[in-house]
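Coordinates in review
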Amino acid sequence: DRLVSIEHTRLLNPELQEKEQYKDKIIKKAQKIFEKKHREKLYVLMTFHEIKLQGERNKEEEYINHVFEIVERIYLNNKDFEFHISSKLNSPGVSNLIERIDINNSLNFNLWQHFGAYIVESIDQKWFTNVIQKKEKDIIHYDEKVDEHWLLLVSDFGIKASTKCFYGFDFSKINTKFDRIY
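Numbering of residues starts from 1 in each chain and follows the order in which that chain's sequence is written. In view of the model being predicted, local features appear only for residues whose pLDDT reaches at least 70, and side-chain atom pairs are presented and counted only at 80 or more, with totals across whole chains, interfaces and linings using the full set of residues. In computing side-chain properties, one takes all heavy atoms of the structure into account and sets aside hydrogens as well as water.

Quick notes on unusual backbone geometry
Rules: The numbering of helices and of strands both runs from the N terminus, where a helix is a DSSP run of H or I of at least 4 residues and a strand a run of E of at least 2. With a 1.4 Å probe rolled over the protein chains alone, any residue whose accessible area is under 20% of its type maximum counts as buried; one over 50% counts as exposed, and the rest are partly exposed.
Backbone geometry at Asn108 places phi at a positive 60 degrees, although glycine is not the residue there. Of note, Asn108 is situated in the loop between β4 (98-104) and β5 (111-114). With relative accessibility at 57%, the residue Asn108 sits in the exposed group.

Printed below as a string of structure tokens:
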């Protein structure tokens, strides 16, 4: 029998995660405005064109109001019907901000979120090595009687910030204090 310590971490690219959180923030705030005015439960999926993180509060409010106004316009034009409306594929987009939108009132629940497909990129060796080195600092907190230290890396939460391609990646070439990396 061996005693094994297991460290785990999520593989999240902080820059991409910040962009995704910003998009979610815009959508959630637009949803709150909508819910204050209307009782209808909507299922709203939306893809933005490339959105830049804005430090200006008025730009963020402009984004929020824009999302709200598009959803409200679609809702008001169709509220007397059960509807499922999607923007056309391969069209230039719904607006300068919104690339695609899908709105449905027939599912009887509220869910507003950003969605989209994206190219899964290869893992960046330097960034990946930094993630491992950061977790190595936790090894000193384990009892000296531990026989091996393993690192479990969790990836692909359905968001671009956590989705990486490891095709052809050779974990054996990583110089680490961990005995195994999964």
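Thoughts on the environment of Asp179
The line we're drawing: Any pair of residues with heavy atoms lying within 4.5 Å of one another is described as a contacting pair.
By the element assignment, Asp179 lies in the loop between β6 (148-154) and β7 (180-181). The class for Asp179 is partly exposed, based on a relative accessible area of 44%. Taking the C-alpha atoms as reference, Asp179 lies 9.7 Å from Val4; in sequence the two are 175 residues apart. Contact partners of Asp179, with chain neighbours within four places excluded, come to Asp147, Glu148, His149 and Trp150.

Quick notes on the sheet that holds strand β3 (residues 84-86)
To summarise the sheet geometry, strands pair through backbone hydrogen bonds and adopt either a parallel or an antiparallel arrangement. The following threshold applies: Paired strands, as defined in this entry, are two strands with at least two bridges between them according to DSSP. The convention used is that axes are lines fitted to C-alpha atoms, helices contributing only their stretch in contact, and that angles between N-to-C directions extend from 0 to 180 degrees.
Strand order in the open sheet formed by four strands is β3-β4-β2-β5, with mixed pairing between adjacent strands. In the strand order of this sheet, the two ends are held by β3 and β5, each with one partner. The average undirected angle you get between the axes of adjacent strands in this sheet is 10 degrees. Inspection of the sheet shows strand β2 (residues 43-48) paired to β5 by four bridges, in the parallel sense.

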